[in-house]
Amino acid sequence: MKGSGMRGWNASSSSPGVWRAIAGFIVWASAFVVLYAGHALGCVYVPSSIQPATVTAALVVLWAVHMAAGAALAWRSGGRLRLLRHDGDCRVRARFMWRAAFLIDASALGATFVTGLPLLAFPACHP
Amino acid sequence: MREAPDNAALHRALDEHWRSPQGWRGWSAVNHTAMGRRFMVAALCFFLVGGVLAMLIRAQLATSHSGFLDSELYSQIFTMHGTVMMFLFAIPMLEGFAFYLLPKMLGARDLAFPRLGAYAWWCYLFGGLILMVGMALGLAPSSGWFMYTPLSGRQYTPGINSDIWLIGITFAEISALCGAVELIATILKMRAPGMSLARMPLFAWYMLVTAGMILVGFPPLILGSILLELERAFGLPFFTVELGGDNLLWQHLFWMFGHPEVYIIFLPAAGLVSTMIPTFARHPIVGHAWVVNGVVAMGFLSFGLWVHHMFTVGIPQLSLAFFSAASMLVAVPTAIQFFAWIATLWSGSVRLRLPMLYLGGFLVIFVLGGLTGVMVALIPFNVQVHDTHFIVAHMHYVLIGGAVFPLMAATYYWMPHLSGRMPSARLGSTAFWFVFAGFNLTFLPMHLTGLLGMPRRIFVYAEDSGWDTLNLLSSLGGFIQAIGFGIFLLDIVLHARKGDPARHNPWSAGTLEWAMPMPPPSYNFASIPEIRGRYPLWDEPELNDDIEEGRMWLAACPPPTRQTLSVDVITGEPRSVIHLPGPTWMPLYCGIATAVFFLALLFKGYAVALAGAAVTVLLFACWAWQLAPKGRPPRVDASPGIDLPGHWAARGSPGWWGMACALAADATLLASLIFGCLFLNLYAPNWPPPHWLEPAPWLAGILAAALAGLLATALARPAASRAIGLEAAAAVCAAVALAAVVLLVRQVGSPSQHAYLALMLVVLIYMGVHLGAALIMSLYGLCRRVRHSHAVCDEELRIASLWTGYTGLSGLGLLALMLLMRGSP
């Protein structure tokens, strides 16, 4: 059969899966939901006397945790991509998937940073 | 190398298996080419209806104090214009393109679930017809395409108008969800051998993300529609403020769908653009991985924007700022795609053919719409222009620029593929200039009328408002645009009869759909090609001959059934051979039964609705029974020296992916319901309710134990050897849990007393419906073991256990929610 010489599909088991490739934006989605819902819940359940500072501090911590998770993902995918280049690995599939994963992780990290920035500009629980 | 079989005999044998019946029996066809065409034709008809409605709106607004339409009729017309264009034209048209093109681009002979695709089309048609008939009878919805409460509620819209929208649109949304499930399973599992994700065409990436967005974006609106219909029909007060409801809940649920919807429309169109531009630039797309990143980023970020439609409703400042940030962020991945397209054109050698003209129009108009999009992402500006004609102008620049121009380009680009004839460059370019000039004349002045303060949705305005000239210009532009669309349609009709015959691959494209005769044969590929690059026809110009002469995969002659390949998700390694069903009336029967259910709801015939639902379930069970293997599926000689199992015997079959996708949509509906509970609990006035739902400890215990048991049966490693025990255990657990849920429903009392009780009733109904389905699946599984025990595969169990596992897990979560909500502030 024509083309049978290119068999070797299992050669790149180092490719990340689909979920790993989009993991960066899953972290962003989690950050967005946690900040939005955390703000809503915090402003209802935290006593009003300690409200703005406590809620803001808690949200900043949650934001930082997500940033750290996003940075770890980007660091790891960037490392895998560098490794593939360093080894001269020319397997298109693995390189593409790690490059895509790295770009997605890095973009998502930037998005998580920008999404949380209003925490530094606006007081929590202000109508 | 495979010996080429007798070529003519191979094509004849394939055509015998794959061709659709002729004449009226053709309505039983399920093939993706037929379905794609049906979706496109129906969507085009709805587009014409929506266009006529737009002209009526512009005729009314051309002058101040126009007496052409009265207030009620005008409200019906603008509501139907938005509804038809968003729900019945844009998404179905793009799904039609995807249905038609994707298998051909991916190297498959059909979509993953041909019957589901046909059912989706019937649901779409029937849902659309409900709205059309309502409009013809003067009963069209009149509360705007967003159906804000309380205007759409029973108090202010007592007639059937809002019900027609809620039921017709929900019916049509089932179609979109079925289509999304079908597309995801096809893209992930039914590509040509060697087509890894790295080599997958960009259009498939766009459609993969879009289909995922449909799964997550549509359920909030389906839930909102169910809640509003329950309020209208039974007085359950989800949106009634004095009884613990809140109108803002509707706005949240609507815009959780409504904003991603814009990207659900734009992304497939952008996918078409990303396919056409490399062809006319004669250069591969620049920044392939960046474009994929941009598409994924848009898919996610678009779910963080919905509140920018609600900046003026009084949401706390910090929350607004989160949404404003996300609204501005989404411009970045959009710009990445734009720069990739421009860089591709810059790097290549551009041929200015007819579709390229429309692509130029798209690039200009969508950039303008995108820029005003960034403006309305800013809270202070948004507050100023909220509900003015500025927003109308922005929305049309985005949607017509972002979807209609690419669709027109795509129509001209793939027209030779559909009909085997070339379009007329002269008529096509005339149509373009009419549409382009008319569009800008219509909507550019609308920015100014908006900035001058003209509100949306008004049917008259004062003479001294200063809006007359601008409105007259907009109306003139609208009619010029309509002439352009008329010429475009004329070109389509004329080319089918008088167009010059198209030569093979007339645009010299690199994607796989052009590696077949035009119009395409019923089976797409005589043999399924092996792929070595992103542009197979540029990489291997002789690929077409190898395919046609049966030198590639699945070229056995005569083929035993309708067959195509299933591959590994990442690598594109062939894993199994899928046996696909042929023409059948079953999707039509299921569509009719579903229509009976919805129509009975519309006319408050609840006994008939229950009967319709029961018949639908029964038909689906027959459908599954027909398709399940009756004997051990044999291995298939897929190519010399390689035999592959049938799809039932392989793990991760399209069926498994289909169920996983359906459950993802289901989980989103559940998440929206939980959001509704929390939102009303935290923000709605007039809480707490008159009494909390207090399940007796023994009843809660039994329910929890039964749900845990159901989850355990799903987690037990599915194996055919112990199938009967697992199925029986699952059936018992589901039956016990269902009985417990029925007892809990009795404790709710009168759910019309307060939104909390109404929500608890909906939570229990959600659990009950899932448990009922789990019970039916388990009983079905037991019947399968009794009748065809030797044919039962582990994969069947794995698919069923996805449902039972989800039912157990979600049930436990909802029980916890129910218990936690008691006594909350």
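Conventions we followed
Residues numbered from 1 in each chain as written. Chains lettered and ligands numbered in written order. Predicted model: local features only at pLDDT ≥ 70, side-chain atom pairs only at ≥ 80, totals over all residues. Heavy atoms only, no water. Helix = DSSP H or I, 4+ residues; strand = E, 2+ residues; numbered from the N terminus. Buried < 20%, exposed > 50% of the residue type's maximum accessible area, 1.4 Å probe, protein only. Contact = heavy atoms within 4.5 Å. Areas by Shrake-Rupley, 256 points an atom, 1.4 Å probe, with all protein chains shown as cover. Pairing = 2+ DSSP bridges. Axes fitted to C-alpha atoms, helices over the stretch in contact; angles between N-to-C directions. Parallel < 35°, antiparallel > 145°, perpendicular 65-115°, else oblique. Left-handed = near helix turned anticlockwise from the far one by under 90°. Nonpolar A, V, L, I, M, F, W, Y, C, P; charged D, E, K, R; others polar. Expected span 1.5 Å × (residues − 1). Phe/Tyr/Trp six-rings, centres within 6.5 Å; stacked < 30°, edge-to-face > 60°. Disulfide = S-S within 2.5 Å. Core = buried A, V, L, I, M, F, W, Y, C linked by side-chain atoms within 4.5 Å. pLDDT = per-residue confidence, 0-100. Buried area = accessible area lost by both parts, 1.4 Å probe. Salt bridge = Lys/Arg side-chain N within 4 Å of Asp/Glu carboxyl O. Polar contact = N/O pair within 3.5 Å; in protein donor to acceptor, adjacent residues only side chain to side chain. Lys, Arg positive; Asp, Glu negative; His and termini not counted.

1. Comments concerning the overall build of chain A
Helix and strand counts for chain A stand at five helices and zero strands. Element order for chain A, N to C, with α for helix and β for strand: α-α-α-α-α. Across the 127 residues in chain A, those meeting the buried criterion constitute 42%. The long-range share in chain A, meaning contacts at least 24 apart out of those at least 6 apart in sequence, stands at 80%. Element-wise, carbon and sulfur atoms account for 71% of the exposed surface of chain A, whose accessible area totals about 6100 Å².

2. Points about the pairing of strand 3 (residues 636-639) of chain B
Residue and element names in this part refer to chain B. Where strand 3 lies against strand 4 (residues 642-644), three bridges are found, and the strand directions are antiparallel. When the sheet's bridge partners are listed, Ser-639 is paired in strand 4 with Ile-642. Connecting the antiparallel pair strand 3 and strand 4 is a turn made up of two residues, with Gly-641 showing a positive phi of about 80 degrees.

3. Let's talk about the packing of helix 10 (residues 331-347) of chain B against helix 11 (residues 354-377) of chain B
Residues and elements named next belong to chain B. As a packed pair, helix 10 and helix 11 sit with axes 12 Å apart at the nearest point and diverge in direction by 155 degrees. Here helix 11 runs roughly antiparallel to helix 10, going by the angle between their axes. As helix 10 packs across helix 11, the resulting crossing turns out to be left-handed. Of helix 11, the residues touching helix 10 (which contributes Ala-331, Thr-334, Phe-338, Trp-341 and Leu-345) are Met-356, Phe-362, Leu-363, Phe-366, Val-367 and Val-374. Its residues assigned to classes, the contact of helix 10 with helix 11 comprises 10 nonpolar, one polar and no charged.

4. With respect to helix 2 (residues 23-45) of chain A
Across its 23 residues, helix 2 of chain A extends 31 Å between first and last C-alpha, which sits within 8% of the 33 Å expected from 1.5 Å per residue. If you check which residues of helix 2 of chain A are buried, you get Ala-23, Gly-24, Phe-25, Val-27, Trp-28, Ala-31, Phe-32, Leu-35, Tyr-36, His-39, Ala-40 and Gly-42 of chain A.

5. Points about unusual backbone geometry
The phi angle of most residues is negative, glycine excepted, and most peptide bonds adopt the trans form. Residue and element names in this part refer to chain B. Of note, the bond from Thr-149 into Pro-150 is cis; its omega dihedral lies within 30 degrees of zero at 5 degrees. Take Pro-150: it is sitting in the loop between helix 4 (114-136) and helix 5 (161-189). With omega at 5 degrees, the peptide bond leading from Trp-687 into Pro-688 counts as cis. Relative to the elements of secondary structure, Pro-688 occurs in the loop between helix 20 (654-683) and helix 21 (697-715).

6. A word on the packing of aromatic side chains
All names here are of chain B. Counted by the stated rule, this structure contains 72 aromatic pairs over all chains. With 5.5 Å between their ring centres and 65 degrees between their planes, Trp-341 and Phe-362 make a pair best called edge-to-face. Here Trp-341, found in helix 10, pairs with Phe-362, found in helix 11; they are 21 residues apart in sequence, far enough to count as distant. One exposure class covers both Trp-341 and Phe-362, and it is buried. Joined through ring pairs, the aromatic side chains of Phe-87, Trp-145, Trp-165, Phe-218, Phe-238, Phe-239, Trp-250, Phe-254, Trp-255 and Phe-257 make up one cluster.

7. Let's talk about the state of the cysteines
Tallied over the full model, the rule gives one disulfide over all chains. Covalent S-S linkage joins Cys-43 of chain A and Cys-125 of chain A, the inter-sulfur distance amounting to 2.1 Å. The S-S bond linking Cys-43 of chain A to Cys-125 of chain A shows a torsion near -90 degrees; that makes this disulfide left-handed. Here the residue Cys-43 of chain A occupies a position in helix 2, and Cys-125 of chain A occupies one in the segment after helix 5 (118-121), the gap between them amounting to 82 residues. Judged by relative accessible area, Cys-125 of chain A falls into the partly exposed class, the value being 21%. Summary of cysteine pairing: Cys-178 of chain B is not part of a disulfide, and the nearest cysteine sulfur, belonging to Cys-123 of chain B, is at 5.9 Å. Judged by its relative accessible area of 12%, Cys-178 of chain B falls in the buried class.

8. Let's talk about the nonpolar core
Grouped burial of nonpolar side chains is what soluble globular proteins tend to show. One finds Leu-272, Trp-341, Tyr-358 and Trp-414 of chain B to be the most contacted residues of the largest nonpolar core, which totals 301 residues. Excluding its chain neighbours within four sequence positions, the residues that come into contact with Tyr-358 of chain B are Phe-405, Met-408, Ala-409, Tyr-412, Gly-428, Ala-431, Phe-432 and Phe-488 of chain B. Residues Leu-81, Leu-84, Ala-94 and Trp-98 of chain A belong to the second largest nonpolar core, which totals five residues.

9. As for the confidence of the model for chain B
For chain B, the mean per-residue pLDDT works out to 93, and 98% of the residues sit at or above 70. Complex prediction metrics read pTM 0.95 and ipTM 0.92.

10. Things to note about the pairing of strand 1 (residues 562-567) of chain B
All names here are of chain B. Strand 1 sits mainly inside the fold: six of its six residues count as buried. When strand 1 meets strand 2 (residues 574-580), the two strands line up antiparallel, connected through six bridges. Across the sheet, the residue bridging to Thr-564 is Ile-578, located in strand 2. In sequence, strand 1 turns back onto strand 2 through a hairpin of six residues, with Gly-572 there showing a positive phi of about 80 degrees.

11. Here we look at the interface of chain B and chain A
Between chain B and chain A, the residue contacts involve 55 residues of the former and 44 residues of the latter. In this assembly, chain B packs against chain A so that about 4300 Å² is buried in total across both faces, 76% of it on carbon and sulfur atoms. Considering only the surface of chain B that becomes buried against chain A, Phe-300, Leu-318 and Phe-322 of chain B emerge as the three largest contributors, covering 17% of it. Summed over the shared surface of chain B and chain A, the result is zero salt bridges. Across the chain B-chain A interface, the total number found is two residue pairs in polar contact (both at pLDDT 80 or more). Among the residues making up the side of chain B that touches chain A, the classes are represented as 34 nonpolar, 12 polar and nine charged.

12. What about the pattern of salt bridges?
Summed over all chains, the structure comprises 16 salt bridges over all chains. With its nearest N and O atoms 3.1 Å apart, the salt bridge here joins Asp-105 of chain A to Arg-20 of chain A. One end of the pair, Asp-105 of chain A, is in helix 4 (residues 92-116); the other, Arg-20 of chain A, is in helix 1 (residues 18-21), with 85 residues separating them in the sequence. Classification of Asp-105 of chain A as buried rests on a relative accessible area of 1%. Its salt-bridge partner being Asp-387 of chain B, residue Arg-457 of chain B comes within 3.0 Å of it at the nearest N-O pair. Within this pair, whereas Arg-457 of chain B is found in the loop between helix 14 (425-451) and helix 15 (468-498), its partner Asp-387 of chain B is found in the loop between helix 12 (379-385) and helix 13 (389-419), the two being separated by 70 residues in sequence. Exposure remark for Arg-457 of chain B: the relative accessible area of 29% places this residue in the partly exposed category. The class for Asp-387 of chain B is partly exposed, based on a relative accessible area of 30%.

13. Comments concerning the side chain of Glu-95 of chain B
Residue and element names in this part refer to chain B. One can find Glu-95 in helix 3 (residues 71-106). Although Glu-95 is buried, it forms no salt bridge, and the closest oppositely charged side chain is Arg-38 at an N-O distance of 13 Å. Those residues within four positions of Glu-95 in sequence are excluded, and the remaining contacts are Phe-39, Ser-175, Ala-176, Gly-179, Ala-180 and Ile-214.

14. Some thoughts on the packing of helix 20 of chain B against helix 23 (residues 755-788) of chain B
Residues and elements named next belong to chain B. Where helix 20 meets helix 23, the closest approach of the two axes is 9 Å, and the angle between their N-to-C directions is 160 degrees. Comparing the axis directions of helix 20 and helix 23 gives the class roughly antiparallel. When you trace helix 20 past helix 23, the crossing you get is left-handed. Here Met-659, Asp-666, Leu-669, Leu-670, Leu-673, Gly-676, Cys-677 and Leu-680 of helix 20 come into contact with helix 23, specifically with Ala-755, Leu-759, Met-760, Val-762, Val-763, Tyr-766, His-770 and Met-777. Grouping the amino acids of the contact of helix 20 with helix 23 by side-chain chemistry returns 13 nonpolar, two polar and one charged.

15. Remarks on the confidence of the model for chain A
Residues and elements named next belong to chain A. Here chain A averages 85 in pLDDT, and 83% of its residues register 70 or above. Within chain A, helix 2 carries the highest mean pLDDT (94), whereas helix 1 carries the lowest (90). Note that pLDDT drops below 50 for residues 1-6; the model gives that stretch 24 contacts with residues more than four away or on any other chain.

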